[in-house]
Amino acid sequence: EAQEDLINWKGSGMSVMEMSHRGKDFISIADKAEADLRALMGIPDNYKVLFLQGGASTQFASIPLNFTTAEDTVDYIQTGSWGSKAIKEAQKYVNVNVAATDKPNNFTNIPAQSEWELSSGAKYLHFCANETIQGVEFKYTPEVGVPLIADFSSNFLSKPVDVSKYGMIYAGVQKNLGPAGCTVVIVRDDLLGNSRPECPAMLDYAIMAENDSMYNTPPCFSIYMCGLVLDKLLKMGGLSEVEKNNKAKAAVIYDAISGSDGYYNCPVNDAVRSCMNIPFTMADSDLEKEFIATAAENGLVQLKGHRSVGGMRASVYNAMPMEGAEKLAKFMK
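Okay, so let's go over this structure. (Residues numbered from 1 in each chain as written. Predicted model: local features only at pLDDT ≥ 70, side-chain atom pairs only at ≥ 80, totals over all residues. Heavy atoms only, no water.)

Things to note about the layout of surface pockets
Reasoning step 1: The computed volume of the second largest pocket comes to approximately 300 Å³.
Reasoning step 2: In terms of lining, the second largest pocket is formed by 19 residues, of which the most central are Phe138, Lys139, Lys159, Pro160 and Glu243.
Reasoning step 3: With three residues, the top contributor of residues to the lining of the second largest pocket is helix H7 (residues 239-258).
Reasoning step 4: Class assignment of the residues belonging to the lining of the second largest pocket gives a composition of nine nonpolar, four polar and six charged. (1 Å grid on protein atoms, 1.4 Å probe; cavity = no way out; pocket = protein on both sides within 12 Å on 5 of 7 lines; lining within 4 Å. Points joined across faces, edges and corners; volume = space filled by probe spheres on them. Helix = DSSP H or I, 4+ residues; strand = E, 2+ residues; numbered from the N terminus. Nonpolar A, V, L, I, M, F, W, Y, C, P; charged D, E, K, R; others polar.)

A word on the sheet that holds strand E3 (residues 95-101)
Reasoning step 1: Strand order in the open sheet formed by seven strands is E1-E9-E8-E7-E4-E2-E3, and the pairing between neighbours is mixed. Each edge of the open sheet is held by one strand with a lone partner, namely strand E1 (47-52) and E3. Across the sheet, the mean angle from the axis of one strand to that of its neighbour is 15°, orientation sign disregarded.
Reasoning step 2: Examined bridge by bridge, strand E7 (residues 148-151) and strand E8 (residues 168-172) share three bridges and lie parallel to one another. (Pairing = 2+ DSSP bridges. Axes fitted to C-alpha atoms, helices over the stretch in contact; angles between N-to-C directions.)

Side note on the state of the cysteines
Reasoning step 1: According to the stated counting rule, one finds zero disulfides in the structure shown.
Reasoning step 2: Note on cysteine 199: no disulfide assigned, nearest cysteine sulfur contributed by cysteine 182 at a separation of 19 Å. (Disulfide = S-S within 2.5 Å.)

Overview of the sheet that holds strand E12 (residues 312-315)
Reasoning step 1: The strand order across the open sheet formed by three strands is E10-E11-E12, and the pairing between neighbours is antiparallel. Among the strands making up the open sheet, the edge pair consists of strand E10 (264-265) and E12.
Reasoning step 2: Most of the contacts of H7 go to strand E11 (residues 277-282), to which it runs at about 15°, and overall it touches E10, E11 and E12. (Contact = heavy atoms within 4.5 Å.)

Section: H7
Reasoning step 1: Look at H7: 28 Å from first C-alpha to last across 20 residues, which is about the 28 Å you get at 1.5 Å a residue.
Reasoning step 2: For H7, the set of buried residues is Leu239, Val242, Asn246, Lys249, Ala250, Ile253, Tyr254, Ala256 and Ile257. Buried residues in H7, looked at end-on, bunch into an arc of 155°, giving them a common side. With respect to the buried face of H7, the exposed residues turned more than 90 degrees away are Ser240, Lys244, Asp255 and Ser258.
Reasoning step 3: The inward-facing, buried residues of H7 contact helix H2 (24-41), helix H6 (220-236), E10, E11, E12 and helix H9 (322-332). (Expected span 1.5 Å × (residues − 1). Buried < 20%, exposed > 50% of the residue type's maximum accessible area, 1.4 Å probe, protein only. Arc of directions from axis to C-beta.)

These values are about where atoms sit, not about what they do.
Structure (structure tokens):
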């Protein structure tokens, strides 16, 4: 469909990349994308949906600039590389209490909520819902009595989420929703309007909400592509069906690891293993380079683990078919 529309969207004579973002054609694209996202996730009416630029990493600064003063304290849970980057950025603007961390264990688990050392009067609690590099995923929604803010970039739309339990959810779209260049922010109305005077307009959620994400030219083509994916997910039966598919794909690969008699190993605690990103190593690490090369020869690519952790990593995002997971498992055996 995108190919058909590329140079002539719905007979308009224009590509989405050419049309005015304030014209009726693109407004209809953006409105449908938001409506479909609201339907897919069950987003309550008292939440704004924003389509922004800058990636999830820009939100690491936007969040404290919108919701805190320099004197405030906020709580962060550190479960991997992206949670760590969020902490480092927030520390430039606000007092950050790292309420829990699994860094001593190389981020192979998520500390139990009973172990968290939360601050009194924290403005919010932030966590990364799925750590892409380490392969750990929250399987529940924390309840802490303050606004909950979560980076869902790498498991966004992979399963149902109760949006009403969050103050804000944000995600770069490039894993499960569309091409890089767009970031979705879902933020509760009552949290808006308290940004710092020095907060840049482009990072001010209230300004972006007042302008329907069009304070400047939005990432039009990325939003259009997101709309196509949202329409497809709804036609597939929604996020419960998506989750069922994702669990089945991940299980095929995890079973291949656990059934290898130690030939392969996944370092992540069973209870928090990600359905999106599956890191694994080999008992003989000298064979890992050969594994990656031979896999590529067999059409299994991008299996090299992140440079910070090594080993291998299989990413099984929504678009990965079951056949891909089965092919990898068969190759591993």
